[in-house]
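Below, each chain spelled out in residue letters.
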Amino acid sequence: MKFGISTFVTDQGISPAALGRALDERAFDSLFIAEHTHIPVERRSPYPGGGELPEIYYRTLDPFVVLSTAAAVTERLLLGTGVALVAQRDPIVTAKEVASLDLVSGGRAVFGVGVGWNREEMENHGTDPATRGRLVNERLRAMRELWTTEKAEFHGEFVNFDPVYLWPKPVRRPYPPIYVGGGESAFPRIAALGDAWLANSVPPEQLGPQIERLREVAGRDVPVTVYGVPDTPEVIDGYARVGVERVLFFLTTAPEPETLRDLDTMAQVAARFR
């Protein structure tokens, strides 16, 4: 089983470069960065975690800036969005960002995607929450065309462009792996468009049956990465038993000294399972 980190990088915590170096030094295989462009002051959407929305949601750095910075100071670390909110992103701009990250990192980009939960946030981007699932599917299809075709065009319900050139093309062929976030409602999206399932903190005893249902929907074995995982050996052992490919420890956003201490602890736990 592989071990990585999922976290929010903000202006109040460890810098992206220091974080990237620390993960490489401790033999973590990946870094997945959360995204929120902004948080509306008047918010009606309840926080999925319950209670008040944590301050880190308000202060996130742009994930592609963070990951590009980490790419510059590392050599093997996979660099993932966890998750990019595709319902809020222009597909042409996003396709260029993903491909650019893959190029400057030497083929280490992972495109983790989701539909999002904050309806007011997506509405500010001109997205209708009622159709965000179809929108995400279409934008992903359009991006695949942009990555794989010299003269790419797309004509759909939400995305429409005549033949265009877009470079760079990704280093990873045909394109960086798409890790689809979400619950069981995302299984059809994973089957049609995804290379892996990015499961959010699902306990091992629930995840095992869900993996079986995903395989039935997809008609194939789908690799599973679980993010937001506590550094508890018993929990990790449970994920190993149900065949999880990778766990992403949740790293609390904090200044560098505290972050390094937390990473030391997580690295020690991971070493027990390698």
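Please refer to the structure placed before this passage.
Since the model is a prediction, treat every value here as computed from it, not as a measurement.

Participant: I would appreciate a short explanation of the overall build of the protein in the present structure.
Facilitator: Counting its regular elements, the protein contains nine helices and eleven strands. Considering the protein as a whole, with its 274 residues, one finds that 53% of them fall into the buried category. Accessible area of the protein: about 12100 Å², with a carbon and sulfur share of 50%. With 29 positive and 37 negative side-chain charges, the protein shows a separation of 3 Å between the mean positions of the two kinds.

Participant: Hey, could you run me through the pairing of strand β7 (residues 160–164) in this one?
Facilitator: Each regular strand carries side chains that alternate between the two faces of the sheet. Across three bridges, strand β6 (residues 152–155) lies against β7 in antiparallel orientation. Within β7, the residue paired with H155 across the bridge is N160. Hairpin remark: β6 followed by β7, antiparallel, with four residues in the connecting loop.

Participant: Please clarify how unusual backbone geometry should be interpreted in this entry.
Facilitator: Where the residue is not glycine, phi is negative for most of them; where a peptide bond is considered, it is trans in most cases. P168 follows W167 through a cis peptide bond whose omega is 5°. With respect to the helices and strands, P168 occurs in the loop between β7 and β8 (178–181). The phi dihedral of A27 is positive, around 65°, even though this residue is not glycine. Looking at where A27 falls in the secondary structure, it is placed in the loop between α1 (16–25) and β2 (30–33).

Participant: What is the right way to read the packing of helix α3 (residues 91–104) against helix α5 (residues 132–148) from this model?
Facilitator: Relative orientation and spacing of two packed helices are given, respectively, by the angle between their axes and the distance between those axes. One can describe the packing of α3 onto α5 by two numbers: an axis separation of 9 Å at closest approach and a directional angle of 55°. When the axes of α3 and α5 are compared, the pair comes out oblique. Taken as a pair, α3 and α5 cross one another with a handedness that is right-handed. On α5, the residues that touch P91, I92, T94, A95, V98 and A99 of α3 are R139, M143, L146 and W147. Its residues assigned to classes, the contact of α3 with α5 shows eight nonpolar, one polar and one charged.

Participant: Got a minute to help me understand the packing of aromatic side chains in this structure?
Facilitator: Aromatic ring pairs are defined here through the distance separating the ring centres and the angle between the ring planes. This structure, assessed with the given rule, holds twelve aromatic pairs. Judged by centre distance (5.1 Å) and plane angle (85°), the ring pair of F187 and W197 falls under edge-to-face. Taken together, the residues span a long stretch of sequence, with F187 in helix α6 (residues 187–193) and W197 in strand β9 (residues 196–200) at a distance of ten residues. Residue class for F187 comes out buried when judged on its relative accessible area of 2%. On the accessibility criterion, W197 (1% relative accessible area) is buried.

Participant: Help me understand the pattern of salt bridges, please; the structure alone is not making it clear to me.
Facilitator: Any two side chains of opposite charge can pair, so long as their charged atoms come close to each other. Throughout the structure, instances matching the rule amount to 17 salt bridges. Linking R246 and D29 is a salt bridge whose minimum nitrogen-to-oxygen distance equals 3.1 Å. In this pair, R246 is assigned in strand β11 (residues 246–251) and D29 in the loop between α1 and β2, connecting sequence segments 217 residues apart. For the pair R246 and D29, a shared accessibility class is recorded, and that class is buried. A salt bridge links E157 to R134; the nearest nitrogen and oxygen atoms lie 2.8 Å apart. With E157 in the loop between β6 and β7 and R134 in helix α5, this pair connects stretches of sequence that are 23 residues apart. The exposure class assigned to R134 is partly exposed, which follows from its relative accessible area of 44%. Look at the salt bridges and you will find they share partners, linking K2, D29, E245 and R246 into a network.

Participant: When you look at the nonpolar core in this model, what are you seeing that I'm missing?
Facilitator: Among soluble globular proteins, nonpolar side chains are generally buried collectively. Residues F111, W197, L207 and F249 are the most contacted members of the largest nonpolar core, which totals 69 residues. Top contributing element to this core by residue count: α5, with seven residues. Those residues in contact with W197 that sit more than four places away from it in its chain are V180, G182, F187, I190, L207, Q210, I211, L214, V222, P223, V224 and T225. Counting nine residues, the second largest nonpolar core, distinct from the first, contains F32, L85, V110 and L248.

Cut-offs and rules
- Residues numbered from 1 in each chain as written.
- Predicted model: local features only at pLDDT ≥ 70, side-chain atom pairs only at ≥ 80, totals over all residues.
- Heavy atoms only, no water.
- Helix = DSSP H or I, 4+ residues; strand = E, 2+ residues; numbered from the N terminus.
- Buried < 20%, exposed > 50% of the residue type's maximum accessible area, 1.4 Å probe, protein only.
- Areas by Shrake-Rupley, 256 points an atom, 1.4 Å probe, with all protein chains shown as cover.
- Lys, Arg positive; Asp, Glu negative; His and termini not counted.
- Charge placed at Lys NZ, Arg CZ, Asp CG, Glu CD.
- Pairing = 2+ DSSP bridges.
- Axes fitted to C-alpha atoms, helices over the stretch in contact; angles between N-to-C directions.
- Parallel < 35°, antiparallel > 145°, perpendicular 65-115°, else oblique.
- Left-handed = near helix turned anticlockwise from the far one by under 90°.
- Contact = heavy atoms within 4.5 Å.
- Nonpolar A, V, L, I, M, F, W, Y, C, P; charged D, E, K, R; others polar.
- Phe/Tyr/Trp six-rings, centres within 6.5 Å; stacked < 30°, edge-to-face > 60°.
- Salt bridge = Lys/Arg side-chain N within 4 Å of Asp/Glu carboxyl O.
- Core = buried A, V, L, I, M, F, W, Y, C linked by side-chain atoms within 4.5 Å.

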